[in-house]
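Below are the chains, spelled out letter by letter.
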2 protein chains.
Amino acid sequence: MRIALLGGTGDIGEGLTLRFARDTDHELLVGSRDPEKARDAVDDYKAELDSHAVDDPDISGFDNEMAADRADVTILSVPPYYAGDTVDAIDGVLDADTILVTPAVGMKGDEDGMHYHPPGAGSVSELVAQRAPDEVPVIGAFHNLAAGKLADLSAELDLDTLLVGDDDSAKETVRSLASEIDGLRALDAGPLANAAEVESVTPLVINIAKHNDELHDVGVKWV
Amino acid sequence: MRIALLGGTGDIGEGLTLRFARDTDHELLVGSRDPEKARDAVDDYKAELDSHAVDDPDISGFDNEMAADRADVTILSVPPYYAGDTVDAIDGVLDADTILVTPAVGMKGDEDGMHYHPPGAGSVSELVAQRAPDEVPVIGAFHNLAAGKLADLSAELDLDTLLVGDDDSAKETVRSLASEIDGLRALDAGPLANAAEVESVTPLVINIAKHNDELHDVGVKWV
């Protein structure tokens with residue numbers, strides 16, 4: 001399978017790229033608005049993977065549109081305020097055969113902590129679904145993972161990620177893909193309309209990390 | 001310590017009463033708007049505890065105000081739409097020495113699932129703090145526990161509960177109290193202003209339970 005990681009030079013993109021490269025055989029297409037930046041990041045990821053004895057990973061760098069054009073699954077690992085514009089920038093290459101996956105979460109910090117701050121659509125997942133062509137299946141996933149831990153290949157994961165989406169077949173594809181990452185379990189949280197409750201766990205894990213010394217890179221298990 | 005469980009005849013009140021009765025030596029005051037109903041519930045709880053070999057538990061039934069008047073910690077285990085009125089009904093007996101604990105969550109269900117539906121104050125925890133006299137410490141806790149599992153003393157818990165509150169000493173008292181329940185760990189999620197993200201996990205666990213067969217009574221661990 002070909003997986004595009006748009007915004008793949010950012011922190012969640014880095015972690016997902018490294019984990020997919022180590023734990024799966026999928027072809028990884030790192031995307032950025034600037035293809036040079038994508039290729040530089042790929043060089044860094046290859047060096048990091050080499051230091052973890054992962055030989056010859058199948059990763060290359062492209063601009064976002066070119067990465068999405070070639071992909072079966074396109075992960076929008078961009079900041080939440082770029083999610084809509086990134087969809088617009090690639091919508092010419094999206095179709096019913098490309099699953100769009102969105103891990104971004106709108107948040108706002110103040111002196112008390114981080115707070116969930118969704119766009120007018122109700123959640124970033126629903127915003128992405130509104131902006132994408134109607135026939136494109138949109139799945140929310142990979143929201144509540146600590147980026148630092150994800151990108152640290154020496155850290156063992158024992159975490160869950162939640163999926164939301166209205167297309168059961170696309171959701172099953174993403175569930176299966178997420179489960180290929182060692183130590184990650186993917187659970188179904190229902191349709192896209194349930195995305196806000198999933199996304200709002202992300203500011204919560206940041207607050208928990210801040211207030212509990214032993215939980216620096218905290219994630220979640222549903223038990 | 002004396003613990004009042006207002007609305008202690010409801011499902012979360014039942015579970016907390018049974019667990020506190022079995023796992024701690026605190027005096028438990030089950031409150032209801034109707035003291036007869038509270039006393040009937042206490043009879044049921046004693047029978048249930050007896051069937052789990054818990055002898056002579058220290059539980060009695062009162063109307064809500066009388067229970068709160070005698071308590072060091074008062075848990076508002078009432079439905080979210082009664083939380084404010086319940087505070088108003090007992091505010092003559094509340095003072096700086098009574099910690100008010102609120103586990104209620106505003107939710108709304110539709111065909112997609114359960115959704116977080118906070119009151120205008122931003123969260124039930126903040127609503128309770130607004131309605132209580134200024135000097136009363138308010139702590140949000142016990143939000144994300146499956147009531148059925150909590151009330152089933154044969155079920156082993158291995159769960160976390162999150163605390164929010166602005167009074168560190170009251171929060172520490174509730175943390176310590178919660179930790180006396182076998183298998184329950186209490187973590188700090190920061191000030192009351194962070195309550196919405198904590199409360200919104202409750203509709204999320206209901207959605208996860210609905211969509212994943214193996215997670216009928218699901219709760220959460222922050223790991």
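Located above this text is the structure these notes cover.
Here we summarise the structure given alongside this text. A quick note: this is a predicted structure, and the numbers were derived from the prediction, not measured.

Digging into the overall build of chain A
On a plain count of helices and strands, chain A comes out with 9 helices and 11 strands. In terms of C-alpha radius of gyration, chain A reaches 16 Å, essentially the compact-globule figure of 17 Å for 223 residues. Principal-axis analysis of the C-alpha atoms places the extent of chain A at approximately 40 × 40 × 30 Å. Looking at chain A as a whole, 58% of its 223 residues qualify as buried. Within chain A, contacts between residues separated by at least 24 positions form 74% of all contacts whose residues are at least 6 apart in sequence. On chain A, roughly 8700 Å² of surface is accessible, and the fraction owed to carbon and sulfur atoms is 43%. One way to put it: in chain A the 16 positive side-chain charges average out to a point 2 Å from where the 46 negative ones average out.

Things to note about unusual backbone geometry
Within the chain, A:Asp56 stands out as a residue other than glycine whose phi angle is a positive 55°. Position of A:Asp56 relative to the elements: it lies in the loop between helix H2 (35-51) and strand E3 (59-63).

Looking at the sheet that holds strand E1 (residues 2-6) of chain A
All names here are of chain A. Pairing is mixed in the open sheet, where 8 strands are placed in the order E3-E2-E1-E4-E5-E8-E9-E10. Unpaired on one side and paired on the other, E3 and strand E10 (184-188) mark the two borders of the sheet. When strand polarity is set aside, the average angle formed by the axes of neighbouring strands in this sheet is 25°. Pairing geometry for strand E2 (residues 27-32) and E3, over 5 bridges, is parallel. When the bridges of E3 are listed, Leu28 appears paired with Ile59. Lying over the sheet, H2 contacts E2 and E3, oriented at roughly 165° with respect to E3.

Description of the environment of B:Arg19
Residues and elements named next belong to chain B. With respect to the helices and strands, Arg19 occurs in helix H1 (residues 11-23). Owing to a relative accessible area of 0%, Arg19 belongs among the buried residues under this scheme. Arg19 sits 132 residues away from Ala151 along the chain, and the two C-alpha atoms are 7.4 Å apart. Those residues in contact with Arg19, other than ones at most four positions away along the chain, are Thr24, Lys149, Leu150, Asp152, Leu153, Ala155, Leu157 and Ile181.

Some words on the sheet that holds strand E9 (residues 159-165) of chain B
All names here are of chain B. Pairing in this open sheet of 8 strands is mixed, and the strands run E3-E2-E1-E4-E5-E8-E9-E10 from one edge to the other. The open sheet is flanked by strand E3 (59-63) and strand E10 (184-188), the only strands paired with a single partner. Each adjacent strand pair in this sheet contributes to an overall mean axis angle of 25°, direction not counted. Packing of helix H4 (residues 80-90) onto the sheet brings it into contact with strand E1 (2-6), strand E4 (73-76) and strand E5 (99-102), and relative to E4 it is tilted by some 145°.

Some words on the relation of the copies chain A and chain B
Once chain A has been moved 0.0 Å along the axis and rotated by 180°, it coincides with chain B to within an RMSD of 0.0 Å. Taken together, the rotation angle and the small translation identify this as a two-fold axis. Within chain A, A:Lys221 has its C-alpha nearest the rotation axis, a separation of 2.6 Å. Looking at the interface residues of chain A, 100% of them are also at the interface in chain B, so both copies use one shared face.

Here's the deal with the interface of chain A and chain B
On the chain B side, the residues contacting the 36 residues of chain A number 36 residues. Summing the contributions of chain A and of chain B, the shared interface buries around 2700 Å²; its carbon and sulfur component is 62%. Its largest share of buried area at the contact with chain B, chain A owes to A:Glu197, A:Trp222 and A:Val223, together 24% of the area lost on that side. The interface formed by chain A and chain B holds 0 salt bridges in total. Counting every contact that joins chain A to chain B gives 10 residue pairs in polar contact (both at pLDDT 80 or more). At the level of secondary structure, the elements contributing two or more residues to the side of chain A that touches chain B comprise strand E7 (114-116), strand E9 (159-165), E10, helix H8 (195-199), helix H9 (201-211) and strand E11 (220-222) of chain A. Counting residues per element, the side of chain A that touches chain B draws most heavily on H9(A), which supplies 7 residues. When grouped by side-chain class, the residues that make up the side of chain A that touches chain B number 19 nonpolar, 9 polar and 8 charged. Pairing between E11(A) and strand E11 (residues 220-222) of chain B: 3 bridges, direction antiparallel. Pairing of A:Val220 across the sheet is with B:Trp222, part of E11(B).

Examining the nonpolar core
The biggest cluster of nonpolar side chains holds 72 residues, and the ones touching the most others in it are A:Leu100, A:Ile208, A:Trp222, B:Leu100, B:Ile208 and B:Trp222. Setting aside residues no more than four positions away along its own chain, A:Leu100 makes contact with A:Thr74, A:Leu76, A:Val87, A:Ile90, A:Leu94, A:Val128, A:Ala132, A:Val136, A:Pro137, A:Val138 and A:Ile139.

Quick notes on a negative patch on the surface
Residues and elements named next belong to chain A. A cluster of acidic residues, Glu65, Asp69, Asp72, Asp91, Asp95, Asp97, Asp134 and Glu135, forms a negative patch at the surface. With respect to the secondary-structure elements, Asp97 resides in the loop between helix H4 (80-90) and strand E5 (99-102). Judged by its relative accessible area of 63%, Asp97 falls in the exposed class.

Thoughts on the pairing of E10(B)
Residues and elements named next belong to chain B. With 5 bridges connecting them, E9 and E10 associate as parallel partners. Within E10, the position partnered with Leu163 by the bridge is Asp188. With helix H7 (residues 168-179) bridging E9 and its parallel neighbour E10, the resulting β-α-β unit is right-handed.

So, the environment of A:Leu204
Here A:Leu204 shows up in helix H9. According to the relative accessible area criterion, A:Leu204 is buried, its value standing at 0%. Excluding anything up to four places from it in sequence, A:Leu204 contacts B:Leu162, B:Ala189, B:Glu197, B:Val198, B:Val201 and B:Trp222.

Rules used in this analysis
Residues numbered from 1 in each chain as written. Chains lettered and ligands numbered in written order. Predicted model: local features only at pLDDT ≥ 70, side-chain atom pairs only at ≥ 80, totals over all residues. Heavy atoms only, no water. Helix = DSSP H or I, 4+ residues; strand = E, 2+ residues; numbered from the N terminus. Rg over C-alpha atoms; globule rule 2.2 N^0.38 Å. Buried < 20%, exposed > 50% of the residue type's maximum accessible area, 1.4 Å probe, protein only. Contact = heavy atoms within 4.5 Å. Areas by Shrake-Rupley, 256 points an atom, 1.4 Å probe, with all protein chains shown as cover. Lys, Arg positive; Asp, Glu negative; His and termini not counted. Charge placed at Lys NZ, Arg CZ, Asp CG, Glu CD. Pairing = 2+ DSSP bridges. Axes fitted to C-alpha atoms, helices over the stretch in contact; angles between N-to-C directions. Least-squares fit on C-alpha atoms with pLDDT ≥ 70 in both. Buried area = accessible area lost by both parts, 1.4 Å probe. Salt bridge = Lys/Arg side-chain N within 4 Å of Asp/Glu carboxyl O. Polar contact = N/O pair within 3.5 Å; in protein donor to acceptor, adjacent residues only side chain to side chain. Nonpolar A, V, L, I, M, F, W, Y, C, P; charged D, E, K, R; others polar. Core = buried A, V, L, I, M, F, W, Y, C linked by side-chain atoms within 4.5 Å. Patch = residues over 30% accessible without salt bridge, like charges linked within 9 Å, V, L, I, M, F, W, Y side chains within 5 Å. Right-handed = clockwise from strand over helix to strand, strands pointing away.

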